[in-house]
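Per-entry structural report
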Amino acid sequence: MKARLLAVAALLGLAWAQNTALKGEITVWSWDIAAKALEAVVPSFNKLYPNVKVKVVDLGNQQVFDRGLAGCAAGGADLPDVYSVENNEAEVFWNRFPNCFTDLTVLGANQLRKDFPEFKWTELTMGNKVFAIPWDSGPVVIFYRRDLYQKAGIDPNKIATWDDFIAAGKKMLQATGGKVKMGTIANGQDDEWFRMLANQNACFYFNNQGTAVTVNQPGCVRALDTIKKLADAGVVAFGGWNEQIQYIKASAVASAMFGAWYEGTIRTNAPDQAGKWGVFLMPASQKGGVRAANLGGSALAIPASSKNKEAAWAFVKHALATTEGQITMLKEYGLVPSYLPALNDPYVKKPQPYWGNQPIWELILGTLGKIPPARGTQYFQEARQIMTAVQADFLAGKYKTVQEALDAAAKQISQATGLPIGK
């Protein structure tokens, strides 16, 4: 026993010596809540690595993206040691500037593959190279007003399909004299509902190889058809980000469908509604179908120009690949973990007062392994703009059928990207 204790002590001493050997300063670029969340893990990081100073810089989302592109175009000039990137924009960098970021397999990234859901790696890898580590994710759920559902006689546990959701929406309209809708679709401003529903049905703008346009295939047809049914039934309102928040604050909508990061948006914008909200799984397209999708999520990468890659890698691992790091960011700022071992933390099962003491994180994080992968490619923004316009035109009656609308979208995306339309 004494020999074993001495051996353990020797290993701990070696690890501490290695940790204290890392020195210097690293700079991290991020934005808004994400930047604050990274700052929140610095104290625990410094307990392990006391000689590494971490400077988190909040540049704002667009500035991080724009300055990242400029830095890569300039051969890595003026880039930080750790760079925040949204998943759906990541491939812009890997494709346009394949040498701008460190291949993290050299630092041991492959050892982390099993600790994150497969869908999170789709846009962060190219061939055998890993250019970023998954950070937060956006598992999609329905946030709902318990009190409004109850008054309308709606049981969320009985909403299993989108047909059920529409039927519930009609009950809500009847009970409120048409004043309360079941959700808000950003028609003409974004296609986020289409992306969530398409992902649920294992379809996206492009195939998972990033080699063909697939927006007109059956899963996407089901997605846009569902949006048409919701609109035709009159159970959803139309409006962008700001309108959605206004409707929530005014109790004009009884639900919101978004990635789980929207939890913090509701809680901070409607503090007076504490205890009135709950969460249930997004409805399936058909009974027994998938009730999971993803919207949003980010990753951390290390520019090849970093002068302190070992310290940068240590910080990335501590923030993203430890339960302590991920749960700290969840507790403090509602950033949804992608790190699967974090699902076993007691906090995940803890009742949340704002949400009627429902242990919402257990429900939300339980969907991570069920989310179909989707690839945005380097052409994500071009495809998104096209699909946003096509969806609005379709709902306005420009196209006779869902298939006709999505065939038009596929043709436009193919012309914009040079990628063929998939068979």
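Residues numbered from 1 in each chain as written. Predicted model: local features only at pLDDT ≥ 70, side-chain atom pairs only at ≥ 80, totals over all residues. Heavy atoms only, no water.

Identification of the protein chain as ABC transporter substrate-binding protein from Thermus scotoductus is taken from an unreviewed UniProt entry.

**Some remarks on the state of the cysteines**
Each disulfide consists of a covalent bond between the sulfur atoms of two cysteine residues. For the structure on display, the rule yields two disulfides. Paired through a disulfide, Cys72 and Cys100 show a sulfur-sulfur distance of 2.1 Å. Given an S-S torsion of about -85 degrees, the disulfide between Cys72 and Cys100 has left-handed geometry. Placement of Cys72 in helix H3 (residues 61–73) and of Cys100 in the loop between helix H4 (87–96) and strand E4 (125–126) is noted, with a sequence separation of 28 residues between them. (Disulfide = S-S within 2.5 Å. Helix = DSSP H or I, 4+ residues; strand = E, 2+ residues; numbered from the N terminus.)

**Observations concerning the pattern of salt bridges**
Throughout the structure, instances matching the rule amount to 10 salt bridges. As a salt-bridge pair, Asp191 and Arg195 come within 2.9 Å of each other at their nearest N and O atoms. Like Asp191, the residue Arg195 is buried in the burial classification. For the salt bridge of Asp232 with Lys228, the shortest nitrogen-to-oxygen distance reads 2.7 Å. Residue Asp232 and its partner Lys228 are located together in helix H8 (residues 218–233), separated by four residues, close to a single helical turn. For Asp232, a relative accessible area of 55% translates into the label exposed. Counted as one network, the salt bridges with shared partners bring together Asp190, Asp191, Arg195 and Arg384. (Salt bridge = Lys/Arg side-chain N within 4 Å of Asp/Glu carboxyl O. Buried < 20%, exposed > 50% of the residue type's maximum accessible area, 1.4 Å probe, protein only.)

**Considering the packing of H3 against H4**
For the pair H3 and H4, interaxial distance at closest approach is 11 Å and the crossing angle is 5 degrees. Between H3 and H4, the crossing angle belongs to the class labelled roughly parallel. Of H4, the residues touching H3 (which contributes Phe65, Gly68, Leu69 and Cys72) are Glu89, Val92, Phe93 and Arg96. Across the contact of H3 with H4, the residue classes break down as five nonpolar, one polar and two charged. (Axes fitted to C-alpha atoms, helices over the stretch in contact; angles between N-to-C directions. Parallel < 35°, antiparallel > 145°, perpendicular 65-115°, else oblique. Contact = heavy atoms within 4.5 Å. Nonpolar A, V, L, I, M, F, W, Y, C, P; charged D, E, K, R; others polar.)

**A short note on the domain arrangement of the protein chain**
As assigned here, the protein chain comprises domain 1 (24–138 + 296–352) and domain 2 (140–294 + 371–417). For domain 1 versus domain 2, the distance between C-alpha centres works out to 28 Å. Between domain 1 and domain 2, the residue contacts involve 15 residues of the former and 17 residues of the latter. Regarding the contact of domain 1 and domain 2, the summed buried area is about 1,400 Å², with carbon and sulfur atoms giving 47% of it. The largest share of the area that domain 1 buries against domain 2 comes from Asn88, Phe119 and Gly138, three residues that together contribute 36% of it. (Domains from an automatic or database assignment. Buried area = accessible area lost by both parts, 1.4 Å probe.)

**With respect to the environment of Gln385**
Along the chain, Gln385 falls in helix H14 (residues 380–395). Overall, Gln385 belongs to the exposed group, its relative accessible area being 57%. With 197 residues separating them in the primary sequence, Gln385 and Gly188 have C-alpha atoms 9.4 Å apart.

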